[in-house]
Amino acid sequence: MSRNVFLFEFAATRGDAEEVERALLSRASAFALGAFPTLDPALFAHRILRGKDASYTWEIGLDEIEEARRAELHAALLEQIQASLAGVAELRSSAAYVDLSLPAPGPDPARARGGPGGALSFADGDLPVWEDHARGSGAVEAGSALPEDLTAEIARRRAAVPVEPGLKPWGAGHIYTGSADKAHLAYLHGYFDARAARASPADRRKIMAFRAFQAREGSTAAINTYDDQIVTWGTGWGGRGWLGKVMERATANDAVREALGAAGVRYRGSNVYDVVDLDAGRVVTGGKEALEILRRSVPLLHLLIDLARNPATRDAVTEAQLRTFMDGSGNICGADAIATQALFNLIAHLKHWAPGYVIGCLEWAVPQLGPGSPSEQRDRRLAALVGRYFYGKARKHRWIPDFRQFRLYFRHMKDDGLDCLDEPFLQAAGPPADDPFAAAMGAPAAAPPPEAPNPPKAPRLTRAALAGRPDLESVASGRGALRRGARGPGVKALQEALIALGERVPGGADGAFGPGLEAAVKRFQAERGLAADGVVGAATLAALDAALVASAATRATGAETSTRREEEEHR
């Protein structure tokens, strides 16, 4: 399992280079691939490269994809990108590559120095450790067989890992849900409650949603090795999906990194691992290949469970999984339209299952209801619309999610305090076969937002600082959002607008949506009663536009008053 890189070379068809670049950046920041609904858009890495003579290359990187589906993914990307850039740029060529380079090895455990955390003990001196034998280590031993003393020590360390009797064979692998470990669940509830108590309202929703997931997706100690994700650890973090993000955060902790290293496991980044294969006496480096070694080693599965529960490491593992959830499934665009935690939990759960069928749901559903403030009653209607949107998107693609599983999530929502199970489409034996967008709760026929929409022709923003920019106009129309990691003229205009309103934006208007801008957006949202999630959606942009109007009016009134005073003084 290697990193996939897809390159799409375009030539601009418009004369205005700045307009073309704004459009390209806008499409990249709002990108979602409906043809692969289980791939969260956050897993894609985008770069827009400018070349000579009005040529551009859109680079898309993805770590997690089966080799057999690489050509299918390339075709889906090609089709969607061509459609989204029609009238803006013309495709010249495209290509798919596999990145053969390996991430540089990260910090090694301190075992050779006699460090903490049950470190391996060697004789004094600069002796090699097993990591030196990994491919790309930079040591002379790289790629060579492991000495017997190292394999024996790693085997001893694995044998010493506490055994969890609840880890059972299941299909071609093993399963452990953690649901019977009442002590660990009590710890998790206490941890999440404490985190929520000091979080912003927007983050509190995400934390409480993840808390609810513990009884539904498995605890942070859960294990699943029987499906195509190879190894799934914790609350649904699969080896071909978000597990790398969790590992990256968890192994930043010394105790976690050293416990894994002592057992012959190292995470290098970009979903690449080094894992000692005791049978072969070698270090296996890679994605799928290394995870297969982990899958087959029951002691290593016990180690993952222990890392999630051991008081020395559990906070780091819990926080790593929570932060990954908050960045992924819990990051719901337009969440300020939701009144109840129950509906937030439902949408987060659907996004965790099939993100490609959920993204854009609120941007489509909220206008169907017409004007109104968030309320429990409105959330019931929104929930039904979200469900119809989910299957409406599914009907456009090959995979139709299991309807029984879908209804289970709605029963979970009822358990959380919001019931819409009396909706006719939820009472049916199967998912809607009609056009959900035309039949949604009696609403007028409407199509879902396109996968990568063209900017609206009629500006929705009024202030010159924001109006007329395709990426911002697209957000203002309810399609897409700007969040941390976005770049371009629209982000720069956003920064300039906040600065004009007196907000502190570290780094100034540099066109990069970093943590400083995110903090400024959260402050602005909190001051105006919006969900302070740091994501600039339609509601936040409308409030910003209105604030600029009010600020201009205040300045005009002040100037008029000052002029009158001067005139009176001269009389």
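Every residue gets a number counted from 1 within its own chain, in the order that chain's sequence is written. Predicted model: local features are reported for residues with pLDDT of at least 70 only, side-chain atom pairs are reported and counted for 80 or more only, and whole-chain, interface and lining totals are derived from all residues. To obtain the side-chain values, all non-hydrogen atoms of the structure were used and water was disregarded.

A. Structural detail: the overall build of the chain. Secondary structure elements follow DSSP: runs of H or I no shorter than four residues count as helices, runs of E no shorter than two count as strands, and numbering proceeds from the N terminus. Check the secondary structure of the chain and you find 20 helices and twelve strands. For the chain, with 571 residues in total, the buried portion stands at 52%. The contact criterion used throughout is that any non-hydrogen atoms of two residues lie within 4.5 Å. Taking the contacts inside the chain whose residues are at least 6 apart along the sequence as the reference set, 64% of them involve residues at least 24 apart. Here the Shrake-Rupley method, with its probe set to 1.4 Å, supplies the accessible areas, and only the displayed protein chains count as covering residues. Total accessible area on the chain stands at roughly 24,700 Å², and carbon and sulfur atoms take up 51% of it. Per-residue accessibility, obtained with a 1.4 Å probe over protein chains only, is compared with the maximum for each type, and a residue is labelled buried under 20%, exposed over 50%, and partly exposed between these values.

B. Expanded view of the pairing of strand 11 (residues 272-277). Across the six residues of strand 11, six count as buried, placing the element largely inside the fold. Pairing between two strands requires that DSSP report at least two bridges joining them. Examined bridge by bridge, strand 10 (residues 265-269) and strand 11 share four bridges and lie antiparallel to one another. Bridge pairing in strand 11 places Arg 266 opposite Asp 274. Between strand 10 and the antiparallel strand that follows it, strand 11, lie two residues; Ser 270 among them carries a positive phi value of about 55°. Sheet topology places strand 11 next to strand 12 (residues 282-286); five bridges connect them, and they run antiparallel. Within strand 12, the residue paired with Val 275 across the bridge is Val 284. The hairpin turn running from strand 11 into strand 12, its antiparallel successor, is four residues long, and Gly 281 in that turn takes a positive phi close to 70°.

C. Spotlight on the nonpolar core. In this description, a nonpolar core means a group of buried Ala, Val, Leu, Ile, Met, Phe, Trp, Tyr and Cys residues linked to one another through side-chain atoms lying within 4.5 Å. If you look at the biggest cluster of nonpolar residues, it comprises 112 residues, and the most contacted ones within it are Trp 233 and Phe 406. With nine residues, helix 13 (residues 376-395) is the largest single contributor of residues to this core. Beyond its immediate chain neighbours, meaning those up to four positions away, Phe 406 contacts Leu 350, Trp 353, Gly 387, Phe 390, Tyr 391, Phe 425 and Leu 426.

D. The packing of aromatic side chains, seen in detail. Centres within 6.5 Å are what make two rings of Phe, Tyr or Trp a pair, Trp counting through its six-membered ring; a difference in plane orientation under 30 degrees is then read as stacked, over 60 as edge-to-face, and the rest as tilted. Evaluated as defined, the whole model comprises 21 aromatic pairs. Ring centres of Phe 210 and Phe 325 lie 5.0 Å apart, and the angle between their planes is 35°; this geometry places the pair in the tilted category. Pair noted here: Phe 210 is in helix 5 (residues 201-213) and Phe 325 is in helix 10 (residues 314-327), with a separation of 115 residues, a long-range link. Note on accessibility: Phe 210 and Phe 325 belong to one class, buried. These aromatic residues form a ring-pair network of at least three members: Trp 353, Tyr 357, Phe 390, Tyr 391, Trp 399, Phe 403, Phe 406, Tyr 409, Phe 410 and Phe 425.

E. Broad picture of unusual backbone geometry. Phi is positive for Ile 230, close to 70°, though the residue is something other than glycine. Within the element layout of this structure, Ile 230 appears in the loop between strand 7 (223-224) and strand 8 (232-233). A relative accessible area of 1% means that Ile 230 is categorised as buried. Despite not being glycine, Ser 270 has its phi angle at roughly 55°, a positive value. Tracing the chain through its elements places Ser 270 in the loop between strand 10 and strand 11.

F. Structural context of the side chain of Arg 268. Inspection of the secondary structure puts Arg 268 in strand 10. The definition of a polar contact used here is a pair of N or O atoms within 3.5 Å, where within protein one atom must be able to donate a hydrogen and the other to accept one, and adjacent residues in sequence count solely through side-chain atom pairs. Among the polar contacts listed, one links the side chain of Arg 268 to the backbone oxygen of Arg 135, at a separation of 2.7 Å.

G. Layout of the pattern of salt bridges. When a carboxyl oxygen of Asp or Glu lies within 4 Å of a side-chain nitrogen of Lys or Arg, that pair is called a salt bridge. Tallied over the full model, the rule gives 21 salt bridges. Linking Asp 254 and Arg 257 is a salt bridge whose minimum nitrogen-to-oxygen distance equals 2.6 Å. Residue Asp 254 and its partner Arg 257 are both found in helix 7 (residues 254-262); the two are separated by three residues, about one turn of the helix. In this structure, Arg 268 and Asp 274 form a salt bridge, with 3.2 Å as the shortest nitrogen-oxygen distance. Side by side, Arg 268 and Asp 274 carry an identical accessibility label, which is buried. One salt-bridge network, in which partners are shared between bridges, spans Glu 153, Arg 156 and Arg 157.

H. A look at helix 5. Across its 13 residues, helix 5 extends 19 Å between first and last C-alpha, which sits within 8% of the 18 Å expected from 1.5 Å per residue. Along helix 5, the residues classified as buried are Ala 202, Asp 203, Arg 205, Lys 206, Ile 207, Ala 209, Phe 210, Ala 212 and Phe 213. As for helix 5, its buried residues are in contact with helix 4 (182-197), strand 9 (237-238), helix 10, helix 11 (341-353) and helix 19 (515-527). A helix is expected to span 1.5 Å for every residue after the first.

I. Broad picture of the packing of helix 7 against helix 9 (residues 298-309). Every axis corresponds to a line fitted to the C-alpha atoms, with the helix fit spanning only the stretch in contact, and the corresponding angles, defined between N-to-C directions, vary from 0 to 180 degrees. Between helix 7 and helix 9, whose axes approach to 11 Å, the crossing angle comes to 165°. One element, helix 7, and the other, helix 9, form an angle in the roughly antiparallel class. Where helix 7 crosses over helix 9, the handedness of that crossing is right-handed. Contact residues: Val 256, Ala 259 and Leu 260 in helix 7; Leu 303, Leu 304 and Leu 307 in helix 9. Residue polarity is assigned by list, with Asp, Glu, Lys and Arg as charged and Ala, Val, Leu, Ile, Met, Phe, Trp, Tyr, Cys and Pro as nonpolar; anything else, Gly included, falls into the polar class. For the contact of helix 7 with helix 9, a count of residues per class yields six nonpolar, no polar and no charged. Roughly parallel here means an angle under 35 degrees, roughly antiparallel means over 145, roughly perpendicular means 65 to 115, and every remaining angle is called oblique. Crossings are sorted by hand: turned counterclockwise from the far helix by less than a right angle, the near helix makes the crossing left-handed, and turned clockwise it makes it right-handed.

J. Just the sheet that holds strand 9, in detail. Here we have five strands laid out as an open sheet, ordered 5-6-7-8-9, and antiparallel in their pairing. The sheet is open, and its two borders are formed by strand 5 (168-170) and strand 9, each paired with just one other strand. Relative to strand 8, strand 7 runs antiparallel, the two sharing two bridges. Across the sheet, the residue bridging to Ile 223 is Trp 233, located in strand 8.

K. Structural detail: the confidence of the model for the chain. Think of pLDDT as the predictor's per-residue confidence, scored from 0 to 100. Per-residue pLDDT for the chain has a mean of 84; in total, 84% of the residues score no lower than 70. Per-residue pLDDT, averaged within each element of the chain, yields its smallest value for helix 16 (residues 436-439) (56) and its largest for helix 9 (98). Counting contacts from residues 110-127, a segment whose pLDDT is below 50, to residues more than four positions away or on other chains yields 24 contacts. A low-confidence stretch, residues 555-564 stays under pLDDT 50, and its non-local contacts, those more than four residues away or across chains, total zero contacts.

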